[in-house]
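Chain residues, written in single-letter form:
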Amino acid sequence: MWNRGKMGLCVLLLLIGMAVTGQESGQRRFYEVMQSGTRGSVDQELRQLDTDSGKDKEAYTGALLMKKAGLVNAPEKKLALFRQGHKKLEAAIREDSSRADFRFLRLMIQEHAPAILGYNHEETGDSDAIIRQFPHLRGVLQAAIREYSKHSKIIKPADLDPAK
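Everything numeric in this text was worked out from a predicted model, so none of it was measured.

(A) Structural context of the packing of aromatic side chains. Per the counting criterion, the structure on display carries six aromatic pairs. With a centroid separation of 4.8 Å and 75° between ring planes, the pair formed by Phe30 and Tyr60 is classed as edge-to-face. With Phe30 in helix α1 (residues 4-36) and Tyr60 in helix α3 (residues 57-69), this residue pair connects regions lying 30 residues apart in the sequence. Each member of the pair Phe30 and Tyr60 is classed as buried. Among the aromatic residues, those joined into a ring-pair cluster are Phe30, Tyr31, Tyr60, Phe102, Phe104 and Tyr148. Of note, Arg99 hangs over the ring of Phe102, and the distance from its end group to the ring centre comes to 4.2 Å.

Set out below in structure tokens:
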């Protein structure tokens, strides 16, 4: 028969497991939206982030705003959204440039941003940082990077091979 301490520990571990699974599911959905989302799915992710108070919020919000800029029609709205997102994402990267997830967000945006915006100066540095840190990243982030590399001109699946 289990005592209360063991039962409590099992319940706690179960709750932690459920929270992690839910968080991973949300992260997976986020990366799917970043890679091929619609305006509606981007707006839904932005609403979800609005309820978040984590320190990562600014980087992820910034990336979504820049993604959304590519999905709206009005040129002035495109530019305003891009600038707003750019400010947030770059501030987060300045605060912690070692974060591979932030660098991956920027790489995705840089690769698809119109050349006229001149937002491609960090592609090589971001790619190098992602490749270097890849073996140590969370599974969800690794999966997103692997999927992205299949269509990227900057980071290739072979770059992620540890035997390289």
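Still to come is the rest of the account.
(B) Seen up close, the pattern of salt bridges. Counting across every chain of the model gives nine salt bridges. We note a salt bridge from Asp101 to Arg99, for which the minimum N-O separation is 2.7 Å. Here Asp101 matches Arg99 in class, with each residue buried. Across the pair Glu147 and Lys150 runs a salt bridge, and its minimum N-O distance is 3.1 Å.

(C) Representation of the nonpolar core in the model. Core analysis: the largest hydrophobic core is formed by 40 residues, its most contacted members being Tyr31, Phe104, Leu105 and Ile145. Those residues in contact with Ile145, other than ones at most four positions away along the chain, are Phe104, Ile130, Phe134, Leu137, Ile155 and Leu160.

(D) Expanded view of the side chain of Lys68. You can see Lys68 is positioned in helix α3. Among the polar contacts listed, one links the side chain of Lys68 to the side chain of Asp43, at a separation of 2.7 Å. Leave out the neighbours within four places in its chain, and Lys68 touches Arg39, Val42, Asp43, Leu46 and Leu81.

Cut-offs used in this document
- Residues numbered from 1 in each chain as written.
- Predicted model: local features only at pLDDT ≥ 70, side-chain atom pairs only at ≥ 80, totals over all residues.
- Heavy atoms only, no water.
- Phe/Tyr/Trp six-rings, centres within 6.5 Å; stacked < 30°, edge-to-face > 60°.
- Helix = DSSP H or I, 4+ residues; strand = E, 2+ residues; numbered from the N terminus.
- Buried < 20%, exposed > 50% of the residue type's maximum accessible area, 1.4 Å probe, protein only.
- Lys NZ or Arg CZ within 6 Å of the ring centre and 35° of its normal.
- Salt bridge = Lys/Arg side-chain N within 4 Å of Asp/Glu carboxyl O.
- Core = buried A, V, L, I, M, F, W, Y, C linked by side-chain atoms within 4.5 Å.
- Contact = heavy atoms within 4.5 Å.
- Polar contact = N/O pair within 3.5 Å; in protein donor to acceptor, adjacent residues only side chain to side chain.

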